[in-house]
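For reference, the chains in residue letters:
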Amino acid sequence: MTSPLNWQDQAAVLFDLDGVITPTAEVHMRAWSDMFNDFLSSWEGEGDTAPYTDVDYFAHVDGKPRYDGVRDFLSSRGIPASEELVRELGDRKNDAFNVVLARDGVAPYPGSVRLLDHLAALGARLGVVSSSANAPAVLEAAGLLDRFDTVVSGSVAHDLGLAGKPAPDTFLHAASELGATPERSVVLEDAVSGVRAGRAGRFGHVIGVDRGAGEQALREAGADVVVADLADLLPGEAAQQVTG
Ligand SMILES: O=P(O)(O)OC[C@H]1O[C@@H](O)[C@H](O)[C@@H](O)[C@@H]1O
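Named according to an unreviewed UniProt entry, the protein is Beta-phosphoglucomutase originating from Nocardioides aquiterrae. Of the protein, the UniProt comment under Cofactor (unreviewed entry) reads exactly: "Mg(2+)". For the protein, the Sequence similarities (unreviewed entry) comment in UniProt is given as "Belongs to the HAD-like hydrolase superfamily. CbbY/CbbZ/Gph/YieH family."

Q: What is the right way to look at the site of the ligand in this model?
A: Taken together, the neighbourhood of the ligand is formed by 18 residues, with Asp18, Arg66, Ser132, Ala133 and Asn134 sitting nearest. Here the residues of the shell around the ligand are counted per class, giving 6 nonpolar, 9 polar and 3 charged. Residue-level mapping places the shell around the ligand at the junction of two domains, with at least three residues from each of domain 1 (2-23 + 107-243) and domain 2 (26-104).

Q: Could you clarify how one ought to interpret unusual backbone geometry in this entry?
A: In most cases, non-glycine residues show a negative phi, while peptide bonds are predominantly trans. Of note, the bond from Lys165 into Pro166 is cis; its omega dihedral lies within 30 degrees of zero at 15°. Notably, Arg202 is not glycine yet its phi reads approximately 55°, a positive angle. Mapped onto the secondary structure, Arg202 falls in the loop between helix H9 (192-200) and strand S6 (205-209).

Conventions adopted
Residues numbered from 1 in each chain as written. Predicted model: local features only at pLDDT ≥ 70, side-chain atom pairs only at ≥ 80, totals over all residues. UniProt positions renumbered as here; feature names shortened; annotations may be inferred. Near = placed C-beta within 6 Å. Nonpolar A, V, L, I, M, F, W, Y, C, P; charged D, E, K, R; others polar. Domains from an automatic or database assignment. Helix = DSSP H or I, 4+ residues; strand = E, 2+ residues; numbered from the N terminus.

Shown next, in the form of structure tokens:
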């Protein structure tokens with residue numbers, strides 16, 4: 001069945017950040033890869049120390065809060081995930097991420113800015129829901145912080161005690177802050193964990209953005225439709241139709 005996604009009918013539009021609005025998922029991926037491979041090459045304890053690859057990222061780390069990603073990856077290798085080790089590795093990766101952010105800045109995806117412009121013209125209520133504690137800094141660097149009515153970052157979730165993705169809690173909190181029901185809100189996500197969160201929260205539309213996780217994986221996680229770029233969701237564009 002196919003039905004048009006009518007942006008006017010949506011009470012709130014909730015965007016993941018890294019990989020949806022800005023190409024910073026790639027910066028996260030690189031920082032994780034450098035840190036984990038450095039760690040694995042010197043680890044002498046129990047567990048599988050084969051090199052960390054992007055397959056590990058998409059399966060265990062993508063879209064999750066920082067320390068959850070470390071914990072889930074270490075567990076997948078049978079490496080004892082003590083809280084001390086989890087913190088140490090997560091902090092090392094965060095330092096590497098911030099060096100790149102300060103050095104290179106952030107240019108948002110042009111197609112994402114086009115969709116934000118369109119939604120602003122409609123007066124839509126917009127939110128960012130990111131597992132990253134760096135979300136406000138990334139939005140600021142991209143010049144987009146003032147485009148959103150709410151930003152639920154990893155730090156906000158931590159302070160409020162909200163469970164991270166794939167739990168739906170952060171998306172539900174953002175919707176309620178915008179006075180919107182999940183049924184009349186849209187979630188846009190590039191990570192399997194984020195799509196699962198949108199589906200678990202019973203959001204009206206869960207849109208997958210394929211930046212590497214793969215269309216099939218995003219659909220299996222519960223995406224109604226998968227696009228390659230947010231400009232595909234503009235009126236008149238080919239992929240405007242949302243399959244449900
Ligand atoms: O920047 P932080 O707080 O370490 O958050 C990390 C996570 O932030 C998410 O937004 C990314 O999708 C993840 O892949 C990343 O690992």
